[in-house]
Each structure stands twice: as structure tokens, then as C-alpha cells.
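Observations on the three-dimensional arrangement
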Amino acid sequence: MVWLNGEPRPLEGKNLREVLKDLGVELERVAVLLNEEAFPGAEVPDRVLKEGDVVEVVALMQGG
């Protein structure tokens, strides 16, 4: 299983960028943590997920 935002999902063997796009995530509006390494959404690595990976998608918000 791969942990995505705290939930186990059977995503092993799938491409991270494709998974996020399939979920409707607008990469330019998020930051992604992959196994505790942070990436701006547009710079999410193009890699295949493996058993035990932990992915957190964080929406970016503007303050005011």
C-alpha cells in the first residue's frame, strides 16, 4: 500500500504525477511531500510509487 493523505491506497507501480492528475490535483496549486521530501507541485518527481511510500498533498493558500 501507498499512504496518500493518511489513507492506504493500492497505488504501487503507478506514476506519482499521473496519480495526482487522475485525482484532479492542480499541480501548480499544491505542494507535495513524498516520504517527507517537499516539492512544489510543478516539480513533483516523475517516479513510480512503491510499497510503503507516503504522499501528502498540501493546498497552497494566500493569506491576507
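This text follows the structure it describes.
Below: a short report on this structure. Since we're looking at a predicted model, the values are computed, not measured.

1. Side note on the overall build of the protein
Helix and strand counts for the protein stand at one helix and five strands. Of the regular secondary structure in the protein, the N- to C-terminal order runs β-β-α-β-β-β. Compactness check: the protein gives a C-alpha radius of gyration of 11 Å against a globular reference of 11 Å for 64 residues, within 12% of the reference. Expressed as lengths along the three principal axes of its C-alpha atoms, the size of the protein is roughly 40 × 20 × 20 Å. Taking as baseline every contact in the protein between residues at least 6 positions apart, the subset at least 24 positions apart corresponds to 55%. Positive and negative side-chain charges of the protein, numbering 7 and 13 respectively, have mean locations separated by a distance of 3 Å.

2. Some thoughts on the pairing of strand S3 (residues 30-34)
Across the five residues of S3, four count as buried, placing the element largely inside the fold. Inspection of the sheet shows S3 paired to strand S5 (residues 54-59) by five bridges, in the antiparallel sense. Among the inter-strand pairings, leucine 34 is bridged to a residue of S5, identified as valine 55. Sheet topology places S3 next to strand S4 (residues 37-40); four bridges connect them, and they run antiparallel. When the bridges of S4 are listed, leucine 33 appears paired with alanine 38. Between S3 and S4, which pair antiparallel in sequence order, lie two residues; one of them, asparagine 35, sits at a positive phi of approximately 50°.

3. Things to note about the environment of lysine 14
Within the secondary structure layout, lysine 14 lies in the loop between strand S2 (7-9) and helix H1 (16-22). The class of lysine 14 is partly exposed, set by a relative accessible area of 42%. Every residue in contact with lysine 14, bar those within four places of it in the chain, is listed here: Val19, Arg47, Val48 and Leu49.

Conventions adopted
Residues numbered from 1 in each chain as written. Predicted model: local features only at pLDDT ≥ 70, side-chain atom pairs only at ≥ 80, totals over all residues. Heavy atoms only, no water. Helix = DSSP H or I, 4+ residues; strand = E, 2+ residues; numbered from the N terminus. Rg over C-alpha atoms; globule rule 2.2 N^0.38 Å. Contact = heavy atoms within 4.5 Å. Lys, Arg positive; Asp, Glu negative; His and termini not counted. Charge placed at Lys NZ, Arg CZ, Asp CG, Glu CD. Buried < 20%, exposed > 50% of the residue type's maximum accessible area, 1.4 Å probe, protein only. Pairing = 2+ DSSP bridges.

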